[in-house]
Amino acid sequence: MNLNFDFQNVITAEFGIGQDDGDDHTFVFVSVDGEVQGALRDMSQTTWTAMQKQATTPTKYEPSEKYASCEYVYLPLTDHLAARMHDLHTANNLPTDGNALGNPSEVFCYFARFTDKHYRRLTALRRATQFKGVLKSRLIRLVSDALKLVEDKIFKLDVDFDLLIDVHNLHILRPSGFEFVGELQQAVLAAVPKNIEAIKQDLKFVDFATIAEYAGQHPRAARCLASIRVQEETKQIDKGLLKKHCKRMGIEVKESKSKLVVNGDDVMRFLEVLDRRQFELELVKGKPERFKAGSRSRLRSSGGEA
């Protein structure tokens, strides 16, 4: 996968922060000099290099997957889960606030925005961990052969960013950073009704009343729904085979008016079945074992096809 940006011909570089005032999140620019602009450009290039070392063909981000702390995945900028990052990337005329760093405790992220000679935009963003952490430390410096406390506010940039955004995609190096700044938990919970309605069209034989109530209060279930919704195979699920698998896995499912009704205590496990995460193996005769998969990556068949 390519990045739709030319690092060798950057014509503008801007720096900004995300602020959390308790009621809302806002993004503002903060003026920086040429050296800082250069450092931000180096950080973004380092990020892209790290991504390329991990994978030249990344997989699409899925909210129900468990990712490593650093793992290159992507998400189309048009995806509803990318809405917050889309708004930041496309925002014009963000305000500039010279006093924005006056209260560092409110800074939850910082970002850089670049423009290349073709007027293509790149946004790079990092969750503010080290950036804020230095403010809580006591720093010293050597002055006239004596160590003295640094009383000025010091802000430390990281080595790289958590994600890069071009015109087409979010290129994500740290999924947890994206999930935090992109407010994924709130997004997937808010999307539960829409995801339920979409899945209903594929699984008309399932009663979703209990599932909707549970998922609206449990982020993990909401994440599973978001994943199930975009799977092409969902519409191909067979009612009889689904019932048999649930019985084999000990998931209580009853049938009422030709629809499968899931026991409230088994909703999460039922969703994991739909998301291809609950399975059973019997390698020791008479002793079947049940497992939950952390990933849905397909294995290749003996014929070499996935």
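Residues numbered from 1 in each chain as written. Predicted model: local features only at pLDDT ≥ 70, side-chain atom pairs only at ≥ 80, totals over all residues. Heavy atoms only, no water.

*Asks:* Please clarify how the overall build of the protein should be interpreted in this entry.
*Replies:* Looking only at helices and strands, one finds ten helices and 14 strands in the protein. Across the 306 residues in the protein, those meeting the buried criterion constitute 41%. Restricting the contact set of the protein to residue pairs at least 6 apart, pairs at least 24 apart contribute 67%. Split by element, the accessible area of the protein, about 17000 Å² in all, is 48% carbon and sulfur. (Helix = DSSP H or I, 4+ residues; strand = E, 2+ residues; numbered from the N terminus. Buried < 20%, exposed > 50% of the residue type's maximum accessible area, 1.4 Å probe, protein only. Contact = heavy atoms within 4.5 Å. Areas by Shrake-Rupley, 256 points an atom, 1.4 Å probe, with all protein chains shown as cover.)

*Asks:* How should I be thinking about the pattern of salt bridges in this particular structure?
*Replies:* Where charged atoms from two side chains of opposite charge approach closely, those side chains can pair. Counting across every chain of the model gives 13 salt bridges. Between lysine 60 and aspartate 79 there is a salt bridge whose closest N-O contact spans 3.9 Å. Of this pair, lysine 60 sits in strand 3 (residues 59–60) while aspartate 79 sits in the loop between strand 4 (73–76) and helix 2 (83–90); the two residues are 19 residues apart in sequence, bridging distant segments of the chain. Judged by its relative accessible area of 16%, aspartate 79 falls in the buried class. Of the charged contacts in the structure, one is a salt bridge between aspartate 158 and arginine 126, with a shortest N-O distance of 3.5 Å. Placement of aspartate 158 in the loop between strand 8 (146–149) and strand 9 (163–165) and of arginine 126 in strand 6 (residues 121–127) is noted, with a sequence separation of 32 residues between them. Aspartate 158 gets classed as buried once you look at its relative accessible area, which sits at 6%. Linked by salt bridges that have partners in common, Arg126, Asp158, Asp160, Asp162 and Arg174 make up one network. (Salt bridge = Lys/Arg side-chain N within 4 Å of Asp/Glu carboxyl O.)

*Asks:* How should I be thinking about the pairing of strand 5 (residues 107–116) in this particular structure?
*Replies:* Regular strands place their side chains on alternate faces of the sheet. Burial within strand 5 is extensive, with ten of its ten residues counted as buried. Looking at chain direction, strand 1 (residues 10–20) and strand 5 are connected through nine bridges and run antiparallel. The partner of alanine 13 across the bridge, within strand 5, is phenylalanine 114. Where strand 5 and strand 6 come together, seven bridges link them in antiparallel fashion. Its bridge partner being in strand 6, arginine 113 is matched across the sheet by threonine 123. The loop that links strand 5 with its antiparallel partner strand 6 comprises four residues; one of these, tyrosine 119, has a positive phi angle of about 60 degrees. (Pairing = 2+ DSSP bridges.)

*Asks:* Would you mind going over helix 2 with me for this structure?
*Replies:* Side chains three or four residues apart in an α-helix point the same way, a direct result of the helix having 3.6 residues per turn. Three or more residues of helix 2 are buried, namely Arg84, Met85, Leu88 and His89. Take helix 2 and look down its axis: the buried residues cluster within an arc of 130 degrees, on one side only. On its buried face, helix 2 is in contact with strand 2 (25–29), strand 5, strand 6, strand 9, strand 10 (169–172) and helix 4 (175–181). (Arc of directions from axis to C-beta.)

*Asks:* Is there a simple way to explain unusual backbone geometry in this structure?
*Replies:* Most peptide bonds take the trans configuration, and most residues that are not glycine carry a negative phi. Residue lysine 257 is not a glycine yet carries a positive backbone phi of 55 degrees. Note on placement: lysine 257 falls in the loop between strand 11 (253–256) and strand 12 (259–262). Even without glycine at this site, serine 258 takes up a positive phi of about 70 degrees. Checked against the element boundaries, serine 258 lands in the loop between strand 11 and strand 12.

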